[in-house]
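Each chain, written out:
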Amino acid sequence: MAEPDPEPMASGAGQRLGAPETLGISTLDPGHRPPAMPPGRHVTIRVRMLDDTEELFDISQKASGKVLFDLVCSHMNLIEGDYFGLEFQNHQKMMVWLDHIKPIIKQLRRPKHTILRFAVKFFPPDHAQLLEELTRYLFALQIKQDVSVGRLTCNDSSAALMVSHIIQSEIGDFEESQCRSHLLNNNYIPDQMPLIDKIMEFHSKNIGQTPAESDYQLLEVARRLEMYGIRLHPAKDREGTRLSLAVAHTGVLVFQGHTKINAFNWSKVRKLSFKRKRFLIKLRPDLNSSYQDTLEFLMGSRDCCKVFWKICVEYHAFFRLFEEPKPKPKPVLFTRGSSFRFSGRTQKQVMDYVKESEFKKIPFERKHSRVQHNSRLSPLPSPRHHEVPTEIGAPGIDSPPRRHWKESVLVSAEDPSCSRITRASPSHHRNGHDDRKGSVSRTEDRRGSTRQTHPEHLSTGVGSNSPHLSASSGHSHGMVNGQKSLELCSHSPDGRQPSPLTSPLLNDACSVRTDDEDEVRRKRFPTDRAYFIAKELLTTERTYLKDLEVVTVSFQNAVGQDEATPDSLKDTVFSSFEPLHKFHTGFLREVEQRLALWEGRSNAHIKGDYQRIGDVMLKNFQGLKPLTANLHKQSEVLLELEKACRSSRRLEGLCRDFELQKVCYVPLNIFILRPLHRLIHYKQILERLCKHYPATHVDFRDCRAALADVSEVVEQLQGSLIKMENFQKLLELKKDLIGVDNLAVPSREFIRLGCLSKLSGKGLQQRMFFLFSDVILYTSRGMTPTNQFKVHGQLPLHGMTIRESEDEWGVPHAFTLVGEQQSVVVAASSLTEMEKWMEDIKVAIETAKTSNGPSPNLLTSNLTDNKCPEDSTVEAESEDDITASHTSLERPAPHRGNTMVHVCWHRNTSVSMVDFSIAVENQLSGNLLRKFKNSNGWQKLWVVFTNFSLFFYKSHQDDYPLASLPLLGYSVTVPSESENIHKDYVFKLHFKSHVYYFRSESEYTFERWMEVIRSATIPSSVTRVLNNKESHPH
């Protein structure tokens, strides 16, 4: 069995780099000359550099790989060559690194026809450890290459930020027409076109930045990405789950898709080895860990194991050892295991060598740059040189002194580009916030951030198809994916990559209020419960007005002005929403003025004349009544929009693209129903005010009169609202499904959706089930470009029976659906889930017996045989369904990956139509202070609760959220004493290992947040709530 015990290479040497009389200079051992070229036939080797140029090197076939590598480094005058390597594709079509010890003839079967690639091999945790400008330039080229081919995955904001630094280095300061033309002619990232405006926005903020600074800032962004320096090696665990292994400076990492789910730090690893296809990680004994002593991963072949094992050996030696390991004596009789050993200097030796030596400044050419600052970074101090920002070094490795960060570009000390760059404070990192200028934001694309992961949490995380979260623009310092590096500020207890389904990607760029400021504020403002009820009206009205603007402004700009939009749709939509927007703009202004007076910002509060809100609501509801007369026609808006999309492929694409925009943070149809839901909000607020006030209170009479007015309207619209919500849900589900035609038909009602495991010949397989009033559909999420769920079969409710079958099949929480043509055995994730499903299905079966509902001919013609695909081929589940061409979603187009269907899939749970109605109607907005489990400070955020999720904004004025947190599966509690949260009005959100604390400003707001979050985290069943949303406490 092979062990990672490095073996030294033959002693190599080299004098000062850059000396004209030398070739093949080595950077390994200063003071010695390189080994002579071995005799024998020479061969020409082709090497492709990082700038895509190709160089030819004439070398003896008997020469070792080290000789060729030294020639390449000498050709570039590269001092810190130890971070790089030469890789090539071997005869087994695997990319491998050129071994420095073995002769080239033994590694390259056809040297003349093999192209070696010069590439970064070792990625340090901090680019400040790269002491040469040339080295950082080559790293920047590697990052540019990785981003371009999609290897370095990240969210749109980070991608745009990196491209902005790349083009700053290439074309210089921002000039709009030049920048746009350059981006149109050069592709830096996949699907670049939608991001051109964001790239230009970031580029405009880089004015005065030199190419060297641009390289530095590019690496600053890249190093914080989860996939920075990661090369994935496919593997499986013992259960057969598809994973990928990778190695980094910290240790061995485990990925599922592009999500890091575990890490084994070098300090925890006792031995790495491989045996045939099995890659083995032997851990040191740990009493606190539930892991077994040895972890086993299955790779594609023995050679795959060996390739990965070798790079692990090299990474461990390079980053962990102080000096090159000594060779072991060769055994006399026989050898056991691989003879491979690490050859070369360690990172510490490289850094010490560069810092202690003096080098002649040698210009180098930036191939793609029109801004030629072609001077090499000199480690020697120079008083007139511009200082590149330094960062905190990695633990255990001394950071280079500031005096080594001098660049040979002469700039004035008063240069604004100098003053723009500040050194990041380590204390600020630890406290979770920076002294940054400008707003910084993030997206929840699934593109992740660098996190420190612990081996005790090896588990399968959320899949790689995590939703993209929105981001706004901002300065790039210390930011990645819109968030700070979580090695310095761990936002997740287990350090895992937080999927957008489990945690919000937010940084601490928002203002942090101190405890003293908080106390002063608490004393200054009113403490009356009525004030906080009125403040809830204010905060939710702000959110409601923003939601109206999604339709009146954003939708109109994106869709309404297009020729494909019929005039009838424009008239229907905008005649309904424009008057509402105008009215609520004035209403919000009056509420803000009243709250300002109530808070005592004038002397009016002394008289008590303005410590009420009922009069404002009563007066405005009189003006709102004429507008509510047409609200029952909102269903016509939904029908008109659906009809127009069916008849126009272009309009359908426009609406789909609009829903992918950050401003459309929930499905478009939900915004259309917002005016009806808002009336219910008004009713709830007035009910709480009337309950709070005594009958003699000056505000009681106005509140009661306003309540009577709004209750009358709500009662009239209640029946229409239930039908419209059901129709809206059917339309939304239609977009999530492939292989279904006529889902949204009259008299069909949606009841429940969620995850169940279906028992087949291959065992239990995760499936998504959809329960309607006449049929059950079961689906799976295929690896399709549209990110949708493919229908595998349907089970008509007519004639169906249901029974528990846990004892029959020996599967916990199992029950059997017995249909007239087919029986299906499924298992729920818990007893509660099984009870909810069985309860709802029984009610639906009874209802189907007495109703003349639609016939369950839902599926397209190619799937109506009702056979389960797993009985035939497994491949059918992961391929694009060819029958999708018969549906309205026939083109593989981007699709929202963060819908509630996807959340239920990842959280393995279910929700009912009643739950959807409650979650949408039970909306809440306001400022909260948020704290992570391992952070110190509290971060102020504007938070909106709707549609089972919390949406996070920097302020209520923002047009779109920075991130979101779906709440299904979370529990909401009060922190215990042991958690040391010594603050009032704090509630805790907890899901598996993810913990978040939120702090409200009063007892009332605390109770309200607890109430609405519980409505989303504790779903109900149909029979418990009996479709009576009035009975649910809002």
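See the structure above.
Q: An account of the overall build of the protein chain is needed here, citing residue identities and associated values.
A: For the protein chain, the helix and strand inventory stands at 26 helices and 30 strands. Across the 1034 residues that make up the protein chain, the buried fraction comes to 59%. The contacts of the protein chain with a sequence gap of at least 6 include a subset with a gap of at least 24, amounting to 69%. When the accessible surface of the protein chain is totalled, it reaches about 42600 Å², and 50% of it is carbon and sulfur.

Q: Which residues make up the nonpolar core, and what values do they have?
A: Counting residues in hydrophobic clusters, the biggest one holds 107 residues, and the most contacted among them are Leu68, Phe84, Phe118, Leu138, Met162, Phe279 and Ile281. Per-element accounting of this core gives the leading share, ten residues, to helix 7 (residues 302-320). The residues touching phenylalanine 118, leaving out its near neighbours within four places in the chain, are Val47, Arg48, Met49, Leu50, Phe69, Val72, Met76, Leu78, Phe84, Gly85, Leu86 and Leu138. Core analysis: the next-biggest nonpolar cluster, separate from the first, contains 78 residues, Phe555, Cys645, Leu686 and Tyr1004 among them.

Q: Outline the packing of helix 19 (residues 674-692) against helix 20 (residues 700-736), supporting the account with residue identities and numerical values.
A: Look at helix 19 against helix 20: their axes get within 8 Å of each other, and the N-to-C directions meet at 145°. When the axes of helix 19 and helix 20 are compared, the crossing they make is left-handed. Taken together, the residues of the contact of helix 19 with helix 20 break down into 17 nonpolar, two polar and four charged.

Q: Describe in detail the packing of aromatic side chains, supporting the description with residues and values.
A: This model, assessed by the stated rule, comprises 36 aromatic pairs. Look at tyrosine 665 and tyrosine 953: their rings are 6.5 Å apart centre to centre, the planes differ by 90°, and that puts the pair in the edge-to-face class. Of this pair, tyrosine 665 sits in the loop between helix 17 (649-659) and helix 18 (668-672) while tyrosine 953 sits in strand 26 (residues 949-953), placing them 288 residues apart in sequence. Residue tyrosine 665 is classed as buried on the basis of its relative accessible area of 8%. Judged by centre distance (5.6 Å) and plane angle (20°), the rings of phenylalanine 987 and phenylalanine 998 are stacked. Residue phenylalanine 987 is found in strand 29 (residues 986-991), and its partner phenylalanine 998 is found in strand 30 (residues 994-999); the two are separated by eleven residues along the sequence. On the basis of relative accessibility, which here comes to 0%, the residue phenylalanine 987 falls in the buried class. Following the ring pairs from residue to residue traces out a cluster consisting of Phe69, Tyr83, Phe84, Phe118, Phe122, Phe123, Phe139, Tyr228, Tyr315, Phe318 and Phe319.

Q: Describe the sheet that holds strand 12 (residues 294-299), and please don't skip the residues or the numbers.
A: Working definition: the strands of a sheet are paired by backbone hydrogen bonds and lie parallel or antiparallel to each other. Strand order in the open sheet made by the seven strands is 9-8-7-6-12-11-10, with antiparallel pairing throughout. A single partner strand is all that each edge strand has here, and the edge strands are strand 9 (259-265) and strand 10 (269-275). Taking each pair of neighbouring strands and ignoring which way they run, the sheet shows an average axis angle of 35°.

Q: Provide a residue-level description of the packing of helix 4 (residues 176-185) against helix 5 (residues 196-203), including the pertinent values.
A: Where helix 4 meets helix 5, the axes come as close as 10 Å, and the angle between the chain directions of the two elements is 135°. Here helix 4 lies oblique to helix 5, going by the angle between them. Classified by chirality, the crossing of helix 5 by helix 4 is right-handed. Contacts from Glu176, Cys179, Arg180, Leu183 and Leu184 of helix 4 reach helix 5 at Ile196, Asp197, Ile199, Met200 and His203.

Q: Give me the pairing of strand 17 (residues 763-772): which residues, what numbers.
A: Among the ten residues that make up strand 17, seven are buried, leaving the element largely enclosed by the rest of the structure. Bridge count between strand 16 (residues 750-760) and strand 17: ten bridges; the pairing is antiparallel. Directly across from arginine 752, in strand 17, lies its bridge partner leucine 771. With antiparallel pairing between neighbouring strands as the criterion, strand 17 and strand 18 (residues 775-781) make up a hairpin whose turn holds two residues.

Q: Tell me what's going on with the pattern of salt bridges, and back it up with residues and numbers.
A: According to the stated counting rule, one finds 41 salt bridges in the structure shown. A salt bridge links arginine 223 to glutamate 220, with the shortest nitrogen-to-oxygen separation between them at 3.5 Å. For arginine 594, the salt bridge goes to aspartate 615, with nearest N and O atoms at 2.9 Å. Taken together, the positions of arginine 594 in helix 13 (residues 567-598) and aspartate 615 in helix 15 (residues 614-628) put the pair 21 residues apart, joining distant regions of the chain. The exposure class assigned to arginine 594 is buried, which follows from its relative accessible area of 11%. Where salt bridges share partners, they join Glu536, Arg688, Arg1008 and Glu1011 into one cluster.

Q: Report on the sheet that holds strand 24 (residues 924-932), specifying residues and quantitative values.
A: Taken together, seven strands build an open sheet; the order of strands is 27-26-25-24-30-29-28 and the sheet is antiparallel. Of all the strands in the sheet, just strand 27 (963-966) and strand 28 (971-973) have a single pairing partner and so form its edges. Taken over all neighbouring pairs, the strand axes of this sheet differ in orientation by 35° on average, direction set aside. By the bridge criterion, four bridges tie strand 26 to strand 27 in an arrangement that is antiparallel. Across the sheet, the residue bridging to leucine 950 is leucine 965, located in strand 27. Helix 12 (residues 529-560) contacts strand 24 and strand 25 (939-946) of the sheet and is inclined by roughly 95° relative to strand 24.

Q: Please set out the environment of glutamate 1003 residue by residue, giving values where relevant.
A: Relative to the helices and strands, glutamate 1003 is located in helix 25 (residues 1003-1017). The spatial distance from the C-alpha of glutamate 1003 to the C-alpha of threonine 527 is 9.4 Å, given a sequence separation of 476 residues.

Q: Just give me the short version of helix 23 (residues 900-907), but keep the residues and values in it.
A: The buried fraction of helix 23 is high, at eight of eight residues. Looking at helix 23, one finds that the buried residues are Met900, Val901, His902, Val903, Cys904, Trp905, His906 and Arg907. Phi turns positive, to about 55°, at asparagine 908, one or two residues after helix 23.

Q: So what's going on with the environment of isoleucine 533? Which residues, and what values?
A: Secondary-structure assignment places isoleucine 533 in helix 12. If we skip the residues at most four places from it in the chain, isoleucine 533 touches Ile685, Arg688, Leu689, His692 and Tyr1004.

Q: Just give me the short version of the side chain of arginine 223, but keep the residues and values in it.
A: Tracing the sequence through the fold places arginine 223 in the loop between helix 6 (211-222) and strand 6 (233-236). Here arginine 223 falls in the buried class, since its relative accessible area comes to 13%. At 3.3 Å, the side chain of arginine 223 forms a polar contact with the backbone oxygen of proline 125.

Reading the values: the criteria
Residues numbered from 1 in each chain as written. Predicted model: local features only at pLDDT ≥ 70, side-chain atom pairs only at ≥ 80, totals over all residues. Heavy atoms only, no water. Helix = DSSP H or I, 4+ residues; strand = E, 2+ residues; numbered from the N terminus. Buried < 20%, exposed > 50% of the residue type's maximum accessible area, 1.4 Å probe, protein only. Contact = heavy atoms within 4.5 Å. Areas by Shrake-Rupley, 256 points an atom, 1.4 Å probe, with all protein chains shown as cover. Core = buried A, V, L, I, M, F, W, Y, C linked by side-chain atoms within 4.5 Å. Axes fitted to C-alpha atoms, helices over the stretch in contact; angles between N-to-C directions. Left-handed = near helix turned anticlockwise from the far one by under 90°. Nonpolar A, V, L, I, M, F, W, Y, C, P; charged D, E, K, R; others polar. Phe/Tyr/Trp six-rings, centres within 6.5 Å; stacked < 30°, edge-to-face > 60°. Pairing = 2+ DSSP bridges. Parallel < 35°, antiparallel > 145°, perpendicular 65-115°, else oblique. Salt bridge = Lys/Arg side-chain N within 4 Å of Asp/Glu carboxyl O. Polar contact = N/O pair within 3.5 Å; in protein donor to acceptor, adjacent residues only side chain to side chain.

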